[in-house]
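As a plain string of letters, each chain reads:
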Amino acid sequence: MKYSLLTIVIIFLGIQPSFSQNKQDSDIVIGSTFSIHSDILGEDRTCIVSLPDSYEYSDETDSYPIIILLDGYAHFKTAASTVHFMSITQNRNRLMPESIVIAIENVDRERDFTVTKIKTKRKNTMGGGRDFLKFIEKELIPYVDKTYKTKPVRTLIGHSLGGLLAINAYLDKNSLFDAYIAIDPSLWWDEKMMQQKVAAAQPVSLQKKLYIATANQGERNRGRNKKRHDAFYKGLTQKAKGTLQAKIEYFENEHHRSVPLIAMYQGLKFLFEN
């Protein structure tokens, strides 16, 4: 039987290979969950939280930005890993500050992510988005600020209908968020209302950072998705008159389901660039 030099040395020294189990081994934990009761929504909501590597060893005076992530269970691992990669000091990327990620798990996304109703043949629960944003701003964020070492730098990330809610939050002059990532947002939803909101947008909203990612939704869509997004961005540009802090990016090789990964990276990079 042939042995490599490394194997012989290990056997000779009586050293166990590094992949063996020992008392010092530990799991790599990327998140934990907590539950919060909402009086506004009348229900309990579950959230997943990811803390930065340095959090455990940080001083009491240290603080971290927070990222609120919609469709929490679907996108948590993607978002937490992306934030970790972009902010970890060991690889010297420093593309963004270490941040706390709070991912909200869904209960009824059609209810929570839409602020208006549209006509459907079936019964629906649409139009609860304002209450959901109120829950985030008046119940969830205060709880997070009290429980964790946070600073008042807040980003909201949403995909699809979640992206629509992020857009609606961006256009709300009273929003607590500083920056927004809308990933292939469903701007087809009540288009007339959205046009009216853009026309009424206040300078305080247009001065905040917004990143919009547009996916290629294929031949069946006939480019309507991109046209809607481009028209929305053009409306913001005209309203802002040169002060817009927004970016739109089209991903021709990504479809609606695949675009969140690259959009989170590109979006966070834009939001935190100098």
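A brief report on the enclosed structure follows. Only a predicted model underlies this, so the values are computations on that prediction, with no experimental measurement involved.

Observations concerning the sheet that holds strand E3 (residues 64–69)
Note: strands within a sheet are paired through backbone hydrogen bonds, in either parallel or antiparallel orientation. Spatial ordering of the open sheet is given by E1-E2-E4-E3-E5-E6-E7-E8, a layout of eight strands whose pairing is mixed. The sheet terminates laterally at strand E1 (32–38) and strand E8 (245–251), the two strands that pair on one side only. Sheet twist, expressed as the mean angle between neighbouring strand axes with direction ignored, is 20°. By the bridge criterion, five bridges tie E3 to strand E5 (residues 150–159) in an arrangement that is parallel. Bridging from a neighbouring strand, Leu 69 pairs with Ile 157 of E5. Seen against the sheet, helix H4 (residues 129–147) touches E1, strand E2 (43–50), E3, strand E4 (100–104) and E5 and runs at an angle of roughly 125° to E1. Across the sheet, helix H8 (residues 224–240) lies against strand E7 (209–215) and E8, angled at about 160° from E7, the strand it touches most.

A look at the packing of aromatic side chains
All chains considered together, the criterion is met by eight aromatic pairs. Arranged with centres 5.5 Å apart and planes meeting at 75°, the rings of Tyr 170 and Tyr 180 form a pair that is edge-to-face. Placement of the pair is Tyr 170 in helix H5 (residues 161–170) and Tyr 180 in strand E6 (residues 179–183), with a sequence separation of ten residues. Neither residue differs from the other here; Tyr 170 and Tyr 180 are each classed as buried. Through successive ring pairs, a cluster of aromatic residues spans Phe 113, Phe 132 and Phe 135. Lying across the ring of Tyr 55, Lys 149 places its NZ or CZ 4.6 Å from the centre.

Topic: the nonpolar core
Grouped together as the largest cluster of nonpolar side chains are 50 residues, with contacts concentrated most on Ile 136, Leu 140 and Phe 232. Every residue in contact with Phe 232, bar those within four places of it in the chain, is listed here: Ile 167, Leu 171, Leu 187, Met 194, Val 198, Leu 210 and Ile 212. By size, the runner-up hydrophobic cluster in this structure holds 26 residues, among which are Ile 48, Ala 103, Ala 213 and Phe 270.

Describing the packing of H5 against helix H6 (residues 191–199)
Put simply, H5 and H6 touch, their axes get as near as 10 Å, and they point 30° apart. Taken together, the axes of H5 and H6 are roughly parallel relative to one another. Crossing handedness for the pair H5 and H6: left-handed. Contact residues: H5 offers Leu 164, Ile 167 and Asn 168, while H6 offers Met 193, Met 194 and Lys 197. Split by residue class, the contact of H5 with H6 holds four nonpolar, one polar and one charged.

Observations concerning H6
Taken as a whole, H6 has its buried residues at Met 193, Met 194 and Val 198. Relative to the axis of H6, the buried residues are bounded by an arc of 140° and lie together on one face. Away from its buried face, by an angle of more than 90 degrees, H6 presents the exposed residues Lys 192, Gln 195 and Ala 199.

Criteria and thresholds
- Residues numbered from 1 in each chain as written.
- Predicted model: local features only at pLDDT ≥ 70, side-chain atom pairs only at ≥ 80, totals over all residues.
- Heavy atoms only, no water.
- Pairing = 2+ DSSP bridges.
- Helix = DSSP H or I, 4+ residues; strand = E, 2+ residues; numbered from the N terminus.
- Axes fitted to C-alpha atoms, helices over the stretch in contact; angles between N-to-C directions.
- Contact = heavy atoms within 4.5 Å.
- Phe/Tyr/Trp six-rings, centres within 6.5 Å; stacked < 30°, edge-to-face > 60°.
- Buried < 20%, exposed > 50% of the residue type's maximum accessible area, 1.4 Å probe, protein only.
- Lys NZ or Arg CZ within 6 Å of the ring centre and 35° of its normal.
- Core = buried A, V, L, I, M, F, W, Y, C linked by side-chain atoms within 4.5 Å.
- Parallel < 35°, antiparallel > 145°, perpendicular 65-115°, else oblique.
- Left-handed = near helix turned anticlockwise from the far one by under 90°.
- Nonpolar A, V, L, I, M, F, W, Y, C, P; charged D, E, K, R; others polar.
- Arc of directions from axis to C-beta.

Function cannot be read off these values alone, since they describe shape.
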